[in-house]
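# Breakdown of the fold
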Amino acid sequence: MSKNLAWSVCCVLLLVAIRPQAQTATGVIQGTISDSSGAMIVGARVTLTDQGTNQTREQATNSAGIFEFRALSRGNYRLEAEQSGFKKEVVTDITLQVAETRNFQMTLAVGEVTERIEVQAAAGLLQASDASLSQVIDEKRVLELPLNGRNFMQLAFLSSGIITAGRASATQRQANYGPAFSAGGQRDNTSTVLVDGIEITGMELNNYPYAIPSLESVGEFRVLTSGASAEFGGNSGAFVNMVTRRGTNDLHGSVFEFLRNDKLDARNFFDITGKSAPNKRNQFGFFFSGPVFIPKLYNGKDKTFFMFSWEWQRQRNGTTSTALVPTVQERAGDFSATSTPVVDPLTKVPFPNNQIPQIRINPVGRGLVNLYPLPNSADPARNFVNAPLRKFDFSVPSFRVDHKVSAQNTLFWRTTINQPDDIGPGQALTQAFKYDAVQSERHVHLTLGDTHIFSPAVVNEFNVGFVRMNRIRNSADSFERNWVEELGIRGVPTQPLTYGAPAVTIAGHPQAGFSTNNAFFQWITQSTQFLDNLSVITGRHTIKTGGSFQKKQLNSTQWGAPNGDYGFTGVYCSPPPVATPTRQAAIADALL
């Protein structure tokens, strides 16, 4: 085998092992330097300065008069070009957005280098370097537009081609992870969300994003809907490419509080208390950034910067709901108030006076019926009204450090911890009965990025990221109250984690107990990612190559009805021929 053939085989194997995809959130400032006649100037000195951190990068134009600065963080920059025999030209306030390429054709006028021509950069309205269709949601809109929920992904709808998704999984995603959207007619679970170059979606079937950063820590994001380059792949929908805010040489800080309560809410028609259902939500937090400074130990000006934000939410709200529950007489087996006979299932003969003898009532059946709360309303069609409290607590700390190791090497580290804790009243079929489902989650996102400049023409970006979500859902009685043992139910093995009231459905009434729709489960999903991008400038061309490796895991344990699911239709205690059993007959079935 020849050396050329062997090298080709190795390249093919490498492409198979590593996906040729390495998303990037950094930008590029490039251009040419020419004189007034249009001739390209070779060897002109070009200096790029980050106006926020005062960090600089320098290079000389190549043989084609081209300069190109790659792997740049979003921010405001100053560009300077100078050459002996020409006036120095300076372009200030160059705004570089996430994953943007800015191009400048600079013309130097004849004169002394000590002379200076300074202009202010215009907004970059068109990217001629690629054919993708995208839109940037900048920091101003992120921080100033009102958002009910303070999730940055709600702003994705400002982009063209984005509409609300309508599938069932989209509704669940909306409730827990932010809005689900469809891009270009694709399903909502085909979009990808990236934070500082690391994917936070794609770890399970519905493609939910995990570890969403606090709104105050969001710098800006780009929604790419069509014509994505080779570095973006894995899904056919939109790519939401977000970068977090960085610290600068100036100290910045803010404190916020958003309050919503029930003081001006109208009373629900069914509220028997005469007051509106409780509804309180507090969203509060802070943001702080600047240079790292430790008195007498370290001064990080122009070198080391931090960003720290923390957001909390405390929500308490109730929804008034109504239900029909067994009366006190019916729980005792007394159905004399109804004209429809209740029969003995053994003989099919009606019980005397429509009353079940107490000796015949099964204590387990009585316990199951008593899982329904007692009536609190005189309305015969809806004799129970309640507005149990839902508790939803949320905490999102985000921390980032940027450090310039040397003129050739920069690092950044970011951590986001997203912790929603939800205690939901009732269960899926009705909220009136207070058998709470407790769901606790902990999302963690860790990112380390390294940018190394081997030479002005060779730049490498390397990112490593880790995303993990641990979710546990159980009953408020878990580890506390063994309902199966308490009710005397036999043959149902239990364990402390899945302690909870059995699910019971009596025809004509909603389900009581801990709903089977809530399901006990523990769900752990995580992703480890390695990404690398290498850019090489040669003459008028730039060659960019890269790859990513992702290891995704999903471990799930789920119990549908660990304490039993019991249903009573009334067919046994209904007089023959059985047509449509009454709810009283269904209660009798349960009691017997």
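Below is a summary of the structure that appears in this document. (Residues numbered from 1 in each chain as written. Predicted model: local features only at pLDDT ≥ 70, side-chain atom pairs only at ≥ 80, totals over all residues. Heavy atoms only, no water.)

### Considering the sheet that holds strand β25 (residues 437–455)
Spatially, the nine strands line up as an open sheet ordered β16-β17-β20-β23-β24-β25-β26-β28-β29, and their pairing is antiparallel. At either end of the open sheet lies a strand with only one pairing partner, and these are β16 (252–260) and β29 (541–559). Averaged over all pairs of adjacent strands, the angle between strand axes in this sheet comes to 5°, irrespective of strand direction. Here strand β26 (residues 458–475) pairs with strand β28 (residues 520–538) via 16 bridges, running antiparallel. By the bridge assignment, R473 is partnered in β28 with F521. (Pairing = 2+ DSSP bridges. Helix = DSSP H or I, 4+ residues; strand = E, 2+ residues; numbered from the N terminus. Axes fitted to C-alpha atoms, helices over the stretch in contact; angles between N-to-C directions.)

### With respect to the sheet that holds strand β13 (residues 198–199)
Spatially, the five strands line up as an open sheet ordered β9-β14-β15-β12-β13, and their pairing is mixed. At either end of the open sheet lies a strand with only one pairing partner, and these are β9 (133–137) and β13. With six bridges joining them, strand β14 (residues 218–226) and strand β15 (residues 239–244) adopt antiparallel strand pairing. Counterpart to L224 in the pairing with β15 is F239.

### Concerning the packing of aromatic side chains
Two descriptors summarise a pair of aromatic rings, namely the distance from one centre to the other and the angle between the planes of the rings. A full pass over the atoms with the stated rule returns 16 aromatic pairs. When the centroid spacing of 5.5 Å and the interplanar angle of 55° are considered together, the rings of F232 and F239 count as tilted. Residue F232 is classed as buried on the basis of its relative accessible area of 12%. When the ring of F286 is compared with that of F308, the centres are 5.4 Å apart and the planes differ by 75°; the resulting orientation is edge-to-face. Here F308 lies in strand β20 (residues 304–318) and F286 lies in strand β17 (residues 279–291), a separation of 22 residues in the sequence. By way of ring pairs, the aromatic residues F284, F286, F308, W310, W312 and F399 are connected into one cluster. Over the ring of F287 we find R245, and its NZ or CZ is 3.7 Å from the ring centre. Its end group placed over the ring of W483, R481 keeps NZ or CZ at 3.7 Å from the ring centre. (Phe/Tyr/Trp six-rings, centres within 6.5 Å; stacked < 30°, edge-to-face > 60°. Buried < 20%, exposed > 50% of the residue type's maximum accessible area, 1.4 Å probe, protein only. Lys NZ or Arg CZ within 6 Å of the ring centre and 35° of its normal.)

### Overview of the nonpolar core
Looking at soluble globular proteins, one finds that nonpolar side chains tend to be buried together. Grouped together as the largest cluster of nonpolar side chains are 30 residues, with contacts concentrated most on F335, L368, L371, Y372, F433, V504 and I506. Of all the secondary structure elements, the ones that give two or more residues to this core are α5 (363–369), α6 (483–487), β27 (503–506) and α7 (583–591). Broken down by element, this core gets its largest block of residues, six residues, from α7. Beyond its immediate stretch of four places on either side in the chain, F335 contacts E330, V342, N354, I356, Q584, I587, A588 and L591. (Core = buried A, V, L, I, M, F, W, Y, C linked by side-chain atoms within 4.5 Å. Contact = heavy atoms within 4.5 Å.)

### Observations concerning the environment of T327
Tracing the backbone shows T327 in the loop between β21 (321–323) and α4 (328–331). Along the backbone, T327 and L374 are 47 residues apart, and their C-alpha atoms lie at a distance of 6.8 Å.

### A look at the pairing of strand β23 (residues 389–406)
With 15 bridges joining them, β20 and β23 adopt antiparallel strand pairing. Counterpart to T304 in the pairing with β23 is H403. Turn length for the β23-strand β24 (residues 409–424) hairpin, with the two strands adjacent in sequence and antiparallel, is two residues.

No statement about biological role is implied by the geometric values presented.
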